[in-house]
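# Fold and contact review
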Amino acid sequence: MARMVGLDLGSSYTRIWTQDGGIVLRCPSAAVIDSQSHELVAVGAEARKMLGKTPQDILAYRPIRDGLVSEFEVAARMVYALFRNKQICSTFNRPVVLLATPYRIDQSQRLTAENTVFEGGARAVAQIPAVFAAAVGAGLRVTSPYGSMVLNMGAGLSEAAIVSSGGIIAAHSIRVGGEKLDAAIANYLKQHRNLVIGIPTAESLKVQIGTASPRADRGRMTVYGRNARTGLACHEEVTSAEICEAITPAIDAIARATLSVLENAPPEIASDIHRYGLMLCGGCANLHGLPEAIAAKTRLRVTVARRPMDCTIEGLGRIIKTPGLWDASLEYRLR
């Protein structure tokens, strides 16, 4: 019998689940290739450290953008390397993969994701909406006739969905996630402080003093960068209030997308959501003050999943173990 594997190709992190080991891999979705020899130089955490710091003949990639495969060849080689590293794939033993993909993607994007996993070494691939897998991994009663709502906020994509009776009743995706928050912080400091910083520095600000709640004060942090006017190196002290102001428009956009799902839901289902609330998962769920901010904008009770970053991959594992959780049969395509 072929080995069953769950694969979550996220914009920021890739995760792999196996039947015998559970979650066996969490690593950054990054790869580095030598442009002369076309050899894979590094993958995962090592490759992420090299982003933006490589010489001309070494190319660093983030092959997954907004939850979609943006660099097919690089993504396929990354998946192949990760499968080989974890001894999931070999010449005589190729896995059957359940892949999490965004809810609303067109056929060409679906085929690109599928072929990426085939090139990575899979013998068969089935796809399932990542937001549904996240709902399963968060512990929601997806097979119940009562409606449950989940907001899955990743690095490149945020998806809100209402699930009931093993399927998705209504869903909405928006290309706003952790990466857009980082970019918003960098742009804010450039406009208001004339301070130019990189995305990794912006991410550090978000993690260490960032908050989505205007009432919270997480202190201040000294940031080193370049003055936009003089071009000279400089440093500034940034407050958590400034970070909150910078990311508020993005949080508002996510809240509006969440409300649009409720507007398209049947009245009976909507009443269930107002009664039971919203489950928040994904890497952005760890942002300080985010549950309170989403609750204030949507008037829903917001709960954060126990392990928000692993909800999708844990959900894939549960669906592999219990295929009846998904109302439609899983269509595995063979190569």
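Described in the following lines is the structure provided in the data block. Note that the structure is a prediction, hence the values are computed from the model and not measured.

Broken down by element type, the protein carries 10 helices and 19 strands. C-alpha extents for the protein along the principal axes are approximately 65 × 60 × 30 Å. Here the protein, with 335 residues, has 54% of them falling under the buried criterion. Intrachain contacts of the protein at a sequence separation of at least 6 include 62% that bridge at least 24 residues. Here the protein carries 37 positive and 30 negative side-chain charges, and the mean point of each set is 3 Å from the other.

What follows concerns the sheet that holds strand β12 (residues 158–164). Strand order across the open sheet formed by 5 strands is β13-β12-β11-β17-β18, with mixed pairing between neighbours. Whereas interior strands pair on both sides, the edge strands pair on one side only; in this sheet they are β13 (167–174) and β18 (302–304). On average, adjacent strands in this sheet sit at an angle of 20° to one another, irrespective of strand direction. Pairing between strand β17 (residues 278–281) and β18: 3 bridges, direction parallel.

Before going further, it helps to spend a moment on the nonpolar core. Counting residues in each nonpolar core, the largest one holds 47 residues, and the members touching the most others are Met-149 and Leu-205. The dominant element in this core, judged by the number of residues it contributes, is helix α7 (residues 240–263), at 10 residues. The residues touching Met-149, leaving out its near neighbours within four places in the chain, are Leu-140, Ala-160, Ala-161, Ile-162, Thr-258, Val-261, Leu-262, Ile-273, Gly-277, Leu-278, Met-279 and Leu-300. Formed by 35 residues, the second largest nonpolar core is a distinct cluster that contains Ala-124, Ala-134, Ile-168 and Leu-325.

A few words on empty space enclosed by the protein. The tally for this structure, following the rule as stated, stands at 2 cavities of 30 Å³ or more. There is about 60 Å³ of room inside the largest cavity. Looking at the largest cavity, the residues that line it are Leu-9, Ile-64, Gly-67, Leu-68, Val-69, Leu-99, Ala-100, Thr-101, Pro-102 and Ala-113. Elements with a minimum of two residues in the lining of the largest cavity: β8 (68–69) and β9 (96–101). Split into classes, the residues belonging to the lining of the largest cavity amount to 8 nonpolar, 2 polar and no charged. As for the second largest cavity, its lining consists of Ser-12, Pro-28, Ser-29, Ala-30, Arg-48, Leu-51 and Arg-62. Its residues assigned to classes, the lining of the second largest cavity comprises 3 nonpolar, 2 polar and 2 charged.

As a further point, take the side chain of Glu-242. The topology assignment puts Glu-242 in helix α7. Classification of Glu-242 by relative accessible area gives buried; the value is 13%. Dropping the residues within four chain positions of it, Glu-242 is found in contact with Tyr-188, Arg-193 and Glu-237.

What follows deals with the packing of helix α4 (residues 130–137) against helix α10 (residues 311–321). At a minimum axis distance of 6 Å, the contact between α4 and α10 shows a crossing angle of 85°. Viewed along their axes, α4 and α10 adopt a mutual orientation that is roughly perpendicular. Contact residues: Ala-130, Phe-132, Ala-133, Ala-134, Val-136 and Gly-137 in α4; Cys-311, Thr-312, Glu-314, Gly-315, Leu-316, Arg-318 and Ile-319 in α10. A class-by-class count of the residues in the contact of α4 with α10 yields 8 nonpolar, 3 polar and 2 charged.

This next bit is on the pairing of strand β11 (residues 148–153). Counted residue by residue, β11 has 6 buried out of 6 residues, so it is predominantly covered. Burial along β11 is two-sided: the face carrying Ser-148, Val-150 and Asn-152 and the face carrying Met-149, Leu-151 and Met-153 are both buried. Examined bridge by bridge, β11 and β12 share 6 bridges and lie antiparallel to one another. Paired with Met-149 across the strands is Ile-162, a residue of β12. Between β11 and β12, which pair antiparallel in sequence order, lie 4 residues. Looking at chain direction, β11 and β17 are connected through 4 bridges and run parallel. Of the residues in β17, the one forming a bridge with Asn-152 is Cys-281.

Conventions adopted
- Residues numbered from 1 in each chain as written.
- Predicted model: local features only at pLDDT ≥ 70, side-chain atom pairs only at ≥ 80, totals over all residues.
- Heavy atoms only, no water.
- Helix = DSSP H or I, 4+ residues; strand = E, 2+ residues; numbered from the N terminus.
- Buried < 20%, exposed > 50% of the residue type's maximum accessible area, 1.4 Å probe, protein only.
- Contact = heavy atoms within 4.5 Å.
- Lys, Arg positive; Asp, Glu negative; His and termini not counted.
- Charge placed at Lys NZ, Arg CZ, Asp CG, Glu CD.
- Pairing = 2+ DSSP bridges.
- Axes fitted to C-alpha atoms, helices over the stretch in contact; angles between N-to-C directions.
- Core = buried A, V, L, I, M, F, W, Y, C linked by side-chain atoms within 4.5 Å.
- 1 Å grid on protein atoms, 1.4 Å probe; cavity = no way out; pocket = protein on both sides within 12 Å on 5 of 7 lines; lining within 4 Å.
- Points joined across faces, edges and corners; volume = space filled by probe spheres on them.
- Nonpolar A, V, L, I, M, F, W, Y, C, P; charged D, E, K, R; others polar.
- Parallel < 35°, antiparallel > 145°, perpendicular 65-115°, else oblique.

Keep in mind these values describe shape, not function.
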